[in-house]
Amino acid sequence: MADTAEEPLMGHSSTNEDHDDDINHEVDLGDVALMLEKNLRHPGFFVWLLTLSAGISGLLFGYDTGVISSTLVSINRSLGRPLTTLDKSLITSATALFALLVSPVSGVLADRLGRKKVVLVADVAFIIGAVVQAVTTSVAVMILGRAIVGVAVGAGSFVAPLYIAELSPAPFRGRLMTLNVLCITVGQVIAYIVGWAFVQWGGEATGWRWIVGLGAAPAGVQCLVMFFMPETPRWLVMVDRPGEARQVLNKVFGKGSEVQPMVDVVLRAIETEVREEAEASMDRRISSVKEQGDSWLAGSKDLWVELLRIGGNRRALTIACLLQGLQQLCGFNSLMYFSATIFTILGFSSPTLTSMSVALTNFVMTCVALILVDRVGRRRILLYSIPIMAVGLLLCAVGFLFISLPADLNEDNPSASDSAWAKIPLSERTAPLLVLVSIMLYVGAYALGLGNVPWMQSELFPLNVRSLGSGLSTSINWGANFIVGLTFLPMMELLTPAWTFVIYAGVCTVGWLCIWRIYPETKGLSLEEVGVLLADDWGVRESLKRAD
Ligand SMILES: O[C@H]1[C@H](O)[C@@H](O)[C@H](O)[C@@H](O)[C@H]1O
């Protein structure tokens, strides 16, 4: 392989048949990753810059989802009347609902327009949504503003990881994508701090307008920065612009003569993948165009067929949806949205401050994940951390068994810190402390694995269906997020908190079994190799052999 790699790529072109035949024989995709691992020690400055620019999408995602709890308690009557429970539910869930609707569409858009343009479109939506929320005087327009933010979060949450994945060299891909999740958790911590500060000192009725309006600032910055960032090499090859793809790869890997062979090999691997996929889909495309005409719709339908009919793609989609669904159905965001309510019920005197422990633990442990994920591997980190989550949830359930709850869980509003519950000294109540500690254990383990690994979804899909597949699994994430947000409080009331947490522990157990059975280890593999792994079966054994 070394010989092949060092041979300069002369006059390459995706339309040159002889050359393409050479590529077929020369490129051993297994060697691509090995070569990268051997040669690259650290991601270069340019790669960090790209990741951080795209990571602003994560920051906005975290900020806009984290900010809602404090906003709801600060709005009071400034939208013309006090908010009803229905108003609050609609304001909260509009974002997840629209994110859910938009993610698959943004997958198609990312193929048509490019990854970068979708980031820019999402930024415009973030800015419009923030301004609409900040200036509104009615509940209906507030819901509209949250819906527009949902469009932005839905598109951004799918395209930012895709952009990072397609630009990162394989050995650092996990780490760089975890950085995106780290930005989400930073956004959530900032949202909690800003919200808490405004609730504490804001006082006046306009404070919350600043909280939501602030979301426009990072979006504006990202718009400016991303304008100067390149498209991904994979998308450029896909739209037949290999020259530009090479320029981007040169920047990613550096320009020295020692890295040129690496750029050649990576470009060849991408070209091979694009060409093979184009050939494989040609027949299907021809028949689809014959049936439906050469329209946008025909192209998209064709992709759907490819995603669902081809075994490897279907397997990739199943794994991505499993991980994304599990990330939400394990109940984490019920803590993100309602931890202040839980800590009020438990009698903590400053529930908003206590609930910050959830956001902070999530952030700190995501930092740890950043260091571990490429070393330990995605599959392994999930198989180790999910049982700890289940133990945390069960301990939490045990804690709740020793706590007698008020009949109406809404009785204790997060702002009512002087309630009867809050006056009981904590020293006399070990059960609430047990709940707090087990929640931290659960959140810590979540942040290590399930909080970030599902966002590496795009590495599972081959290029032609990558954005559609990632878009779909992102909508599973938002759908499950929507369900958990909607059902958590009713479950606590109808089934008791103990059973609610036992059910989440059950979801974790089932999820663990599915992961053990079908999720191969993708650590250190190039995006092209992952496709080979899933082509005939789940590839678990094969991947474990490689990882050893
Ligand atoms: O990966 C993120 C992260 O774990 C966030 O903390 C959580 O709120 C999101 O729902 C999730 O997608």
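Every value quoted in this text rests on a predicted model; they were computed, and no experiment measured them. (Residues numbered from 1 in each chain as written. Predicted model: local features only at pLDDT ≥ 70, side-chain atom pairs only at ≥ 80, totals over all residues. Heavy atoms only, no water.)

**Details of helix α8 (residues 139–167)**
Right, on to step 1. With 29 residues, α8 should cover 42 Å at 1.5 Å per step; its first-to-last C-alpha distance of 42 Å lies within 8% of that length.
Right, on to step 2. Burial of α8 is extensive: 23 of the 29 residues sit out of reach of the surface. (Helix = DSSP H or I, 4+ residues; strand = E, 2+ residues; numbered from the N terminus. Expected span 1.5 Å × (residues − 1). Buried < 20%, exposed > 50% of the residue type's maximum accessible area, 1.4 Å probe, protein only.)

**Focus: the site of the ligand**
Right, on to step 1. Around the ligand sit F61, V181, I184, Q188, Q327, Q328, F332, N333, N362, Y446, G451 and W455, and those are all the residues in its vicinity.
Right, on to step 2. At a separation of 2.7 Å, an oxygen atom of the ligand approaches a polar side-chain atom of Q327.
Right, on to step 3. Between an oxygen atom of the ligand and a side-chain N or O atom of N362, the distance comes to 2.8 Å.
Right, on to step 4. Surface burial for the ligand is 98%, taken as the share of its 300 Å² of free accessible area covered by protein chains.
Right, on to step 5. Listing elements by their share of the shell around the ligand, those giving two or more residues are α9 (170–202), α16 (311–329) and α17 (332–345).
Right, on to step 6. Among the elements that line the shell around the ligand, the one with the most residues is α9, at three residues.
Right, on to step 7. Among the residues forming the shell around the ligand, the class breakdown is six nonpolar, six polar and no charged. (Near = heavy atom within 4 Å. Polar contact = N/O pair within 3.5 Å; in protein donor to acceptor, adjacent residues only side chain to side chain. Areas by Shrake-Rupley, 256 points an atom, 1.4 Å probe, with all protein chains shown as cover. Nonpolar A, V, L, I, M, F, W, Y, C, P; charged D, E, K, R; others polar.)

**Here's the deal with the pattern of salt bridges**
Right, on to step 1. Counted by the stated rule, this structure contains nine salt bridges.
Right, on to step 2. Put simply, E166 and R115 hold a salt bridge, and the shortest N to O gap is 2.9 Å. Linking E166 in helix α8 with R115 in helix α7 (residues 115–135), this pair joins segments that are 51 residues apart in sequence.
Right, on to step 3. Judged by its relative accessible area of 0%, R115 falls in the buried class. (Salt bridge = Lys/Arg side-chain N within 4 Å of Asp/Glu carboxyl O.)

**Section: the confidence of the model for the chain**
Right, on to step 1. The share of residues in the chain with pLDDT of 70 or more is 83%, and the mean pLDDT across the chain is 83.
Right, on to step 2. Taken element by element, the predicted model of the chain shows its lowest mean pLDDT in helix α1 (residues 2–6) (32) and its highest in helix α23 (residues 497–518) (97).
Right, on to step 3. Scored below 50 in pLDDT, residues 1–26 makes 38 contacts in the model with residues more than four places away or belonging to other chains.
Right, on to step 4. Every residue in residues 410–418 is under pLDDT 50, and counting partners more than four places away or in other chains gives 15 contacts.
Right, on to step 5. Under the prediction, the complex receives an ipTM of 0.98, its pTM being 0.81. (pLDDT = per-residue confidence, 0-100. Contact = heavy atoms within 4.5 Å.)

**Focus on the environment of L335**
Right, on to step 1. If you trace the backbone, L335 turns up in helix α17.
Right, on to step 2. Separated by 24 residues in the primary sequence, L335 and A359 place their C-alpha atoms 9.2 Å from one another.
Right, on to step 3. Those residues in contact with L335, other than ones at most four positions away along the chain, are Y192, I342, V358, I439, Y442 and V443.

**Details of the state of the cysteines**
Right, on to step 1. By the definition in use, this model includes zero disulfides.
Right, on to step 2. In this model C330 remains outside any disulfide bridge; the closest cysteine sulfur is found in C508, 5.2 Å from its own.
Right, on to step 3. With no disulfide of its own, C367 lies closest to C183 among cysteine sulfurs, the gap being 10 Å.
Right, on to step 4. Taking relative accessible area as the criterion, C367 reaches 27% and is therefore assigned partly exposed. (Disulfide = S-S within 2.5 Å.)

**Quick word on a nonpolar patch on the surface**
Right, on to step 1. Side chains of I388, V391, L395, V398, L401, F402, L434 and L441 sit close together on the surface and give an oily, nonpolar patch of about 700 Å² of accessible area.
Right, on to step 2. Of all the secondary-structure elements, those providing two or more residues to the nonpolar patch are α19 (378–401) and α21 (430–448).
Right, on to step 3. Sort the elements by how many residues they give to the nonpolar patch and α19 lands first, with five residues.
Right, on to step 4. Within the secondary structure layout, L434 lies in helix α21.
Right, on to step 5. For L434, a relative accessible area of 31% corresponds to the partly exposed category. (Patch = residues over 30% accessible without salt bridge, like charges linked within 9 Å, V, L, I, M, F, W, Y side chains within 5 Å.)

**A short note on the nonpolar core**
Side chains of nonpolar character tend, in soluble globular proteins, to be buried together.
Right, on to step 1. Counting residues in each nonpolar core, the largest one holds 68 residues, and the members touching the most others are M389, F400, L460, F501 and I515.
Right, on to step 2. No other element matches α19, which puts 10 residues into this core.
Right, on to step 3. When near neighbours in sequence (up to four residues on either side) are disregarded, F501 contacts I342, L393, C396, A397, F400, F488 and M492.
Right, on to step 4. One finds A110, V118, V266 and L463 within the second-largest nonpolar core, a separate group that totals 41 residues. (Core = buried A, V, L, I, M, F, W, Y, C linked by side-chain atoms within 4.5 Å.)

**Points about α16**
Right, on to step 1. Compared with the 27 Å implied by 1.5 Å per residue over 19 residues, the 26 Å span of α16 between its first and last C-alpha is a close match.
Right, on to step 2. Burial analysis of α16 places 15 of its 19 residues in the buried class, the great majority of the element.

**Thoughts on the environment of A316**
Right, on to step 1. Secondary-structure assignment places A316 in helix α16.
Right, on to step 2. For the pair formed by A316 and D374, sequence separation is 58 residues and the distance between their alpha carbons is 20 Å.

**Describing unusual backbone geometry**
Right, on to step 1. In this model, D240 sits at a positive phi of 65°, which is unusual for a non-glycine residue.
Right, on to step 2. The backbone of T496 shows a phi angle near 80°, a positive value even though the residue is not glycine.

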